[in-house]
Amino acid sequence: MVSEHKTANANFESLLRIFTVPEGPDSTLTRIEEELSRNLNQFLREHIVAEEKPLKQIEKDFCDARIPDEPVFVSDHTQHLLDTLVAQSVHTASPSFIGHMTSALPYFMMPLSKIMIALNQNLVKIETSKAFTPLERQVLGMLHRLIYGNDDSFYQQWMHSAEHSLGAFCSGGTIANITALWVARNSALKADGDFHGVEKEGLFKAMRHYNYDGLAILVSERGHYSLKKAADVLGIGQDGLVLVRTDEHNRICPDDLQAKITELKARNIKPFAVVGVAGTTETGNIDPLQAIARICQQEQCHFHVDAAWGGATLMSGNYRHLLDGIELADSVTIDAHKQLYIPMGAGMVLFKDPHAMNSIEHHAQYILRKGSKDLGSHTLEGSRSGIAMLVYASMHIISRAGYELLIDQSIAKARYFADLIRAQADFELVSQPELCLLTYRYLPQQVKTAMHQADSSQRAQLNALLNELTKFIQKKQRETGKSFVSRTRLNPICWDKLDTIVFRVVLANPLTTNEILHSVLEEQREIATLAPLLMGRIERLTQQILA
Ligand SMILES: *Cc1c(COP(=O)(O)O)cnc(C)c1O
């Protein structure tokens, strides 16, 4: 490499060069670009989980807090990035990486994302985004129509209206949930008489004006932790997030929801929003949305659906009925960076009523003038990238029909895996897949029998050992195995609601084959034999119980 003999130096002339479009096919940058694409392709083709290097050791490559005084050549630095960063990152695209909602991307994202970076539009205002703004509004319109299914004239009227907004694009489901609950809070504590609204006077005066002793948001005990953050930043307080009981399928119990609301009201606490979960993060189950909608209507509370993960299911004509009732929600969160296969940073919140977001409208003189179509007046975030163009592109390139196939195959695969687990004598399916997510654990036949026959103290004891085993297997598989599943903690009703550690699998990657699923179980069974002491303790307790 030429650069080995030269050193880069900081002069204005070479600085100008890095801002200039590279000329010709032989330029250094063009060469680097091609090489990088080759390298990344190779990285993405290697369908194995990277050999684990302890984080402590990786940290050594990133421990210098000094900003370099002198520049280096791009080519040298590219090599540095390949060695220290790319080689030690996670193969989220690997077909055997089935533990998280982050999966492979369609390849066309790589070249198309260059448009986004190259043009560097800022969606906060029209002056820095022009056509990207109507494009983003159209994407929001598409998702709105997917959920609420209004007719064309509705979208003609509202989609591009300066005074209205069908929703907001944001970095992810967390911000989308906060935005929805922000709107809900501000409408619950709106201006009234000589009170100018919570957005002007703050929560303290709002509570005094409305004569409440507190506010509450209700969600099932399987709700996402982002709602806790929302309760915190909106001034409700984390205790204001009230958790409602779930049934044996991890779905909210409407009776308990109603009871909790009544209880809160008796304590003069205003339940201003209920969140239904459409695809829980841990088990993928969907709350009975229609039943929640009925309660919200009676109680005049904002109905938000957190469909960050499961919302993509609406793309399938065969499975969208699982989310029946979502069209009754006042607002809905959808993450395009989950099962819509868009790169990270593409969250959305949609509002049924085009006026709803007026309660959080902000204006500023130099930017976001009133009556402008600037998206920034309705978003929590300020400067934002043009990532909506990637959603726009996949809606065209993949289309609804393509997404339907993707969703359907993912659910079919989860059902296949569930059947496979059920057919094994030494595994237990803990939560059945409603969408493409399921949980299970390693549980040898005899131990299962012992779990059933044990008294409650023995059962808790045995279960604790099984938790150790599940943790061991998951960790070992992640570190040394050919595949990755995640783990979480559930409280299955069939096991006295004991804290139960389970493997969690998300089958979104279309390249994951049935063979891979077979080998995941095979591998886990083998790893269990690597813990003879633990297995011995489980065995002894099992014999003791069965004796
Ligand atoms: C992923 C997820 C979120 C959070 O979304 P981020 O994009 O990670 O901020 C919220 N709710 C549910 C149900 C999710 O699955």
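Every chain begins its residue count from 1, and numbering advances along the sequence as written. Under the rules for a predicted model, residues below a pLDDT of 70 receive no local features and side-chain atom pairs below 80 are neither given nor counted, while totals for whole chains, interfaces and linings still include all residues. The side-chain quantities take in all heavy atoms of the structure and omit both hydrogens and water.

If you check an unreviewed UniProt entry, the protein appears there as Pyridoxal-dependent aspartate 1-decarboxylase from Vibrio ostreae. UniProt positions are given in the numbering used here, feature names are shortened, and annotations may be inferred rather than shown by experiment. Its UniProt record gives the protein a comment under Sequence similarities (unreviewed entry), which states: "Belongs to the group II decarboxylase family."

## So, the domain arrangement of the protein
An automatic or database domain assignment provides the domain bounds reported here. For the protein, the domain assignment lists domain 1 (2–89), domain 2 (173–336) and domain 3 (407–546). Using only C-alpha atoms to locate each centre, domain 2 and domain 3 end up separated by 32 Å. The criterion used for residue contact is that any of the two residues' heavy atoms lie within 4.5 Å. Of the residues lining the interface, 24 residues belong to domain 2; the matching set on domain 3 comes to 19 residues. Of all residues in domain 2, Glu282, Trp309 and Tyr319 give up the largest surface area on contact with domain 3, accounting jointly for 34% of the area buried on that side. Note on definitions: salt bridges are taken to be side-chain nitrogens of Lys or Arg within 4 Å of carboxyl oxygens of Asp or Glu. Taken together, domain 2 and domain 3 are joined by two salt bridges. In this structure, Glu434 and Arg251 form a salt bridge, with 3.4 Å as the shortest nitrogen-oxygen distance. Distance and chemistry together define a polar contact, namely a pair of N or O atoms within 3.5 Å, with one atom able to donate a hydrogen and the other to accept it when in protein, and with adjacent residues in sequence counting only for side-chain atoms on both sides. Summed over the shared surface of domain 2 and domain 3, the number is eight residue pairs in polar contact (both at pLDDT 80 or more). Looking at the side of domain 2 that touches domain 3 residue by residue, the classes come out as five nonpolar, 12 polar and seven charged. The quantity reported as buried area is the accessible area (1.4 Å probe) lost by two parts once they are put together, taken as the sum for both. Residue classes follow a fixed rule: Ala, Val, Leu, Ile, Met, Phe, Trp, Tyr, Cys and Pro count as nonpolar, while Asp, Glu, Lys and Arg count as charged, and any other residue, Gly among them, counts as polar.

## Details of the sheet that holds strand β9 (residues 437–442)
Taken together, four strands build an open sheet; the order of strands is β8-β9-β11-β10 and the sheet is antiparallel. A strand with exactly one partner marks an edge of an open sheet, and here the two such strands are β8 (427–431) and β10 (486–490). When strand polarity is set aside, the average angle formed by the axes of neighbouring strands in this sheet is 40°. By this definition, two strands are paired if DSSP reports at least two bridges between them. The numbering of helices and of strands both runs from the N terminus, where a helix is a DSSP run of H or I of at least 4 residues and a strand a run of E of at least 2. As defined by bridge partners, β9 adjoins strand β11 (residues 500–506) across four bridges and the pair is classed as antiparallel. For Leu437, the partnering residue across the bridge sits in β11 and is Val506. Throughout, an axis means a line fitted to C-alpha atoms (over the contacting stretch in the case of helices), and angles, computed between N-to-C directions, take values from 0 to 180 degrees. The strands that helix α17 (residues 514–528) touches are β8, β9 and β11; relative to β9, the one it contacts most, it runs at about 30°.

## Some thoughts on the environment of Asn491
Tracing the backbone shows Asn491 in the loop between β10 and β11. Between the C-alpha atom of Asn491 and that of His224, which follows or precedes it by 267 residues, the distance is 16 Å. For Asn491, the residues in contact, after removing those within four places along its chain, are Arg222, Lys497, Leu498 and Asp499. Separated by 3.1 Å, the side chain of Asn491 and the backbone oxygen of Lys497 make a polar contact. A polar side-chain atom of Asn491 sits 2.6 Å from a polar atom in the side chain of Asp499.

## Remarks on the pattern of salt bridges
Counting across every chain of the model gives 21 salt bridges. In this structure, Glu59 engages Lys56 in a salt bridge whose closest nitrogen and oxygen atoms are separated by 3.8 Å. One end of the pair, Glu59, and the other, Lys56, are both in helix α3 (residues 55–59), three residues apart, so they sit about a helical turn from each other. Working definition: with a 1.4 Å probe on protein chains only, accessible area under 20% of the residue-type maximum means buried, over 50% means exposed, and in between means partly exposed. Take Lys56: its relative accessible area is 65%, and that puts it in the exposed class. The salt bridge involving Lys471 is made with Glu468; its shortest N-O contact spans 3.8 Å. In this pair, Lys471 and Glu468 are both assigned in helix α16 (residues 456–480), three residues apart and thus about one turn of the helix distant. Under the relative-accessibility criterion, Lys471 is labelled partly exposed at 31%. Using a relative accessible area of 39% as the deciding quantity, one classes Glu468 as partly exposed.

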